[in-house]
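If you want the building blocks of each chain, they are given just below.
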2 protein chains.
Amino acid sequence: MNNELDINVDHEETARRSIGARRNPASQEAILDAAEALLRENGIAGFSIEAVARRARAGKPTIYRWWPHRTALMLDVYKRFKNAKSFPDTGTLRGDLVSFLENHLLGFWQGSLCGTVYRAVVAEAQTDKDAAELLQAYQAERKLHSARIVERAKARGEVPEETDAELMIDLVVSFAWHHLLLGQLDEAMNRVPQVVNMILKGVPGYRG
Amino acid sequence: MNNELDINVDHEETARRSIGARRNPASQEAILDAAEALLRENGIAGFSIEAVARRARAGKPTIYRWWPHRTALMLDVYKRFKNAKSFPDTGTLRGDLVSFLENHLLGFWQGSLCGTVYRAVVAEAQTDKDAAELLQAYQAERKLHSARIVERAKARGEVPEETDAELMIDLVVSFAWHHLLLGQLDEAMNRVPQVVNMILKGVPGYRG
């Protein structure tokens, strides 16, 4: 984690103009670094654009230009972690779905800042319309991305072309969300193979 | 909805003693009526124990004795609606699960106060430990109750005795929660038959 900023000025106006005018990606990173550091140190409660501005020695208007509210900034901190993770091909759809649940969802949230931050983002989306739209857009994008897992299985011939990839991914993500939001990540981790089995094969012995 | 109270006193102290001492279920109902009326009129934002006390002409300590915080009170308003609903036996597990999703979860939340209130309860559970415990306990109790749907199917011989009723209900509830919290109840309603099919029968043509 890089807490060193490339702006070493104390005067807010100068800092704001210098970051704002350049639109330097390094400065965006610096603000995200400051946001992440604050979240790590103090958690969600005291997190605000004001606090991030102070920490990053940037002007509030600069931050607001890129992130209209604190949820947007939290979601971008979260996304940086997420972007670092790819979907390794385990060779089977079952293996890929287990890995998706264990590494990208439950395990990614477990015992880390990411789970706390994402819970806060979901919470704010329940009462704030802008946060809700951000979260919807992020979810849609992520699900499209994750559906590659099923497309890979189609290419392998494991599932037919007409398989509803979106619904499969939706059920997996829904299960993970539910237990994140209930604070039951450990319990959910223990059920991963059963969840994947039920989605792939249904209820054994079902006669209907 | 009954907004008439059985205490017609304006002086708060008298009201508090009269409700508190009697522990009259009618008075608990009166407070829940007042809470529901406030939620209907003003939504979540201004909802507080103070506002409910004023509306019900009850003392705050009386309300706090039964409901330690506003989330507990919101959850009880929500439960009153929920308790009025039973699980009619449609004759098949598929039919029962479709009805569960359509009537008890998605449809119950859709276009009504219940969805808004439940979203607020889930949101508060993300940052408040007491709210989180309440929600966990409520969910555990509801899932146990809903598992009757699967027990009924076992009795019909539709699924084997060893079927994991808890996991089936969990996947159904998870799907519903996810779309409630994303504000996508309409979209979710359109996918109910596919969701139930995937849980019961898995992915058609899966070879793994």
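Residue positions are given per chain, counted from 1 along the sequence in the order it is written. Note on labels: chains are lettered from A, ligands numbered from 1, in written order. Since the coordinates come from a predicted model, pLDDT governs what is reported: local features require at least 70, and pairs of side-chain atoms require 80 or more to be given and counted, while whole-chain, interface and lining totals use all residues. The basis for every side-chain value is the complete set of non-hydrogen atoms in the structure, without hydrogens or water.

## Quick notes on the overall build of chain A
For step 1, the next point in the chain: For helices the rule is a DSSP run of H or I covering at least 4 residues; for strands it is a run of E covering at least 2, with both sets numbered from the N terminus onward. The helix and strand tally for chain A stands at twelve helices and zero strands.
For step 2, the next point in the chain: In chain A, the succession of helices and strands from N to C terminus is α-α-α-α-α-α-α-α-α-α-α-α.
For step 3, the next point in the chain: Each of the 208 residues in chain A was classed as buried or not, and the buried ones make up 53%.
For step 4, the next point in the chain: Whether two residues are in contact is decided by their heavy atoms: any pair within 4.5 Å suffices. A fraction of 68% describes how many contacts in chain A between residues 6 or more apart in sequence connect residues 24 or more apart.
For step 5, the next point in the chain: Of the roughly 9,100 Å² of accessible surface on chain A, a fraction of 49% belongs to carbon and sulfur atoms. Under the scheme applied here, a residue whose accessible area is under 20% of the maximum for its type counts as buried, over 50% as exposed, and between as partly exposed, the area being computed with a 1.4 Å probe on protein chains only. Throughout, the Shrake-Rupley method with a 1.4 Å probe supplies accessible areas, and for residues the shown protein chains are the sole cover considered.

## Some words on the packing of aromatic side chains
For step 1, the next point in the chain: Aromatic pairing here means that ring centres of Phe, Tyr or Trp (its six-membered ring) are within 6.5 Å. Orientation follows from the plane angle: under 30 degrees is stacked, over 60 is edge-to-face, and everything else is tilted. Scanning the model with the defined rule gives 16 aromatic pairs over all chains in all.
For step 2, the next point in the chain: With centroids separated by 6.0 Å and ring planes inclined at 90 degrees, the aromatic side chains of B:Tyr118 and B:Trp177 adopt a geometry described as edge-to-face. Here B:Trp177 lies in helix α10 (residues 165–181) and B:Tyr118 lies in helix α7 (residues 113–125), a separation of 59 residues in the sequence.
For step 3, the next point in the chain: The class for B:Tyr118 is buried, based on a relative accessible area of 1%.
For step 4, the next point in the chain: By relative accessible area, B:Trp177 is classed as buried at 1%.
For step 5, the next point in the chain: One aromatic cluster in this structure is built from A:Tyr78, A:Phe108, A:Trp109, A:Tyr118, A:Tyr138 and A:Trp177.

## Overview of the side chain of B:Arg191
For step 1, the next point in the chain: As for its position among the elements, B:Arg191 is in the loop between α11 (185–190) and α12 (192–201).
For step 2, the next point in the chain: You can call B:Arg191 buried: its relative accessible area is 18%.
For step 3, the next point in the chain: Dropping the residues within four chain positions of it, B:Arg191 is found in contact with A:Asp164, A:Glu166, A:Leu167 and B:Phe175.

## Considering the pattern of salt bridges
Two side chains that carry opposite charge are able to pair once their charged atoms sit near each other.
For step 1, the next point in the chain: When a carboxyl oxygen of Asp or Glu lies within 4 Å of a side-chain nitrogen of Lys or Arg, that pair is called a salt bridge. For the coordinates displayed, the defined rule picks out 36 salt bridges over all chains.
For step 2, the next point in the chain: Ionic pairing is found between B:Arg80 and B:Asp33, a salt bridge with its closest N-O pair at 3.0 Å. Pair noted here: B:Arg80 is in helix α5 (residues 70–83) and B:Asp33 is in helix α2 (residues 25–42), with a separation of 47 residues, a long-range link.
For step 3, the next point in the chain: The partly exposed category is assigned to B:Arg80, whose relative accessible area is 23%.
For step 4, the next point in the chain: The closest approach of N and O atoms between B:Arg40 and B:Glu36, which form a salt bridge, is 3.0 Å. Residue B:Arg40 and its partner B:Glu36 are both found in helix α2; the two are separated by four residues, about one turn of the helix.
For step 5, the next point in the chain: Connected via shared salt-bridge partners are A:Glu29, A:Asp33, A:Glu36, A:Arg40 and A:Arg80.

## Quick notes on the interface of chain A and chain B
For step 1, the next point in the chain: Counting from both sides, the interface comprises 46 residues of chain A and, opposite them, 46 residues of chain B.
For step 2, the next point in the chain: Once two parts are put together, the accessible area they lose, assessed with a 1.4 Å probe and summed over both, is termed the buried area. Summing both sides of the interface, chain A and chain B together bury roughly 4,100 Å²; the carbon and sulfur share of this comes to 60%.
For step 3, the next point in the chain: With a closest N to O distance of 2.4 Å, A:Arg191 and B:Asp164 form a salt bridge.
For step 4, the next point in the chain: Polar contacts, as used here, are pairs of N or O atoms within 3.5 Å; protein pairs need one atom able to donate a hydrogen and one able to accept it. Residues neighboring in sequence count only if both atoms are side-chain atoms. Applying the counting criterion to the chain A and chain B interface returns 20 residue pairs in polar contact (both at pLDDT 80 or more).
For step 5, the next point in the chain: Mapped by element, the contributors of at least two residues to the side of chain A that touches chain B are α6 (93–109), α7 (113–125), α8 (129–146), α10 (165–181) and α12 (192–201) of chain A.
For step 6, the next point in the chain: Looking at the side of chain A that touches chain B element by element, the count peaks at 13 residues for α10(A).
For step 7, the next point in the chain: We call Asp, Glu, Lys and Arg charged. Ala, Val, Leu, Ile, Met, Phe, Trp, Tyr, Cys and Pro are nonpolar, and the rest, Gly among them, are polar. Here the residues of the side of chain A that touches chain B sort into 22 nonpolar, 14 polar and ten charged.

## Let's talk about the relation of the copies chain A and chain B
Each of the two chain copies can be brought onto the other by rotation about an axis and movement along it.
For step 1, the next point in the chain: For the pair chain A and chain B, the relating rotation is 180 degrees, the translation along its axis is 0.0 Å, and the fit reaches an RMSD of 0.1 Å. Here the two chains are linked by the operation of a two-fold rotation axis.
For step 2, the next point in the chain: In this assembly the copies share their binding face: 100% of the residues contributing to the interface of chain A also contribute to that of chain B. Each copy is superposed on the other by least squares, with the fit set by C-alpha atoms of residues at a pLDDT of at least 70 in both.

## A few points about helix α9 (residues 148–156) of chain A
Residue and element names in this part refer to chain A.
For step 1, the next point in the chain: Those residues of α9 lying buried are Ile-149, Val-150, Ala-153 and Lys-154. Buried residues along α9 cover an arc of 145 degrees about the axis, so they all sit on one side. Among the exposed residues of α9, those pointing more than 90 degrees away from its buried face are Arg-148 and Ala-155.
For step 2, the next point in the chain: Tucked inside the fold, the buried residues of α9 contact α6, α8 and α10.
For step 3, the next point in the chain: Where α9 ends, the next residue or the one after it, Gly-157, has phi of about 80 degrees, a positive value. Directions from the helix axis toward the C-beta atoms define the arc.

## Here we look at the nonpolar core
Where a protein is soluble and globular, its nonpolar side chains tend to be buried together.
For step 1, the next point in the chain: Formed by 146 residues in total, the largest nonpolar core has its most connected members in A:Trp109 and B:Trp109.
For step 2, the next point in the chain: If sequence neighbours within four positions are ignored, A:Trp109 has contacts with A:Tyr78, A:Cys114, A:Gly115, A:Tyr118, A:Ala176, A:Trp177, A:Leu180 and A:Leu185. Buried Ala, Val, Leu, Ile, Met, Phe, Trp, Tyr and Cys residues that are joined via side-chain atoms within 4.5 Å together make up what is termed a nonpolar core.

## Here we look at the packing of α10(A) against α12(A)
All names here are of chain A.
For step 1, the next point in the chain: As a packed pair, α10 and α12 sit with axes 11 Å apart at the nearest point and diverge in direction by 155 degrees. Taken together, α10 and α12 sit at an angle that is classed as roughly antiparallel. The handedness of the crossing between α10 and α12 comes out as right-handed. Every residue of α12 that contacts α10 at Met-168, Leu-171, Val-172 and Phe-175 is listed here: Val-195, Ile-199 and Leu-200. Between N-to-C directions, angles span 0 to 180 degrees; the directions come from axes that are lines fitted to C-alpha atoms, helices contributing only their stretch in contact. When an angle is under 35 degrees it counts as roughly parallel; over 145 it counts as roughly antiparallel; between 65 and 115 it counts as roughly perpendicular; any other value is oblique. Here is the rule for handedness: rotate from the far helix to the near one, and if that takes an anticlockwise turn smaller than a right angle the crossing is left-handed, while a clockwise turn gives right-handed.

## Focus on the UniProt feature "DNA-binding region" (unreviewed entry) in chain A
For step 1, the next point in the chain: Following the UniProt record, one finds the feature "DNA-binding region" (unreviewed entry) at residues 48–67 of chain A.
For step 2, the next point in the chain: In residues 48–67 of chain A, the share of helix is 75% and the share of strand is 0%. The end C-alpha atoms are 11 Å apart. UniProt positions are given in the numbering used here, feature names are shortened, and annotations may be inferred rather than shown by experiment.

## Brief notes about the environment of B:Ser86
Residue and element names in this part refer to chain B.
For step 1, the next point in the chain: Relative to the helices and strands, Ser-86 is located in the loop between α5 and α6 (93–109).
For step 2, the next point in the chain: According to the relative accessible area criterion, Ser-86 is exposed, its value standing at 55%.
For step 3, the next point in the chain: A C-alpha to C-alpha distance of 9.6 Å links Ser-86 and Phe-100, two positions 14 residues apart in sequence.

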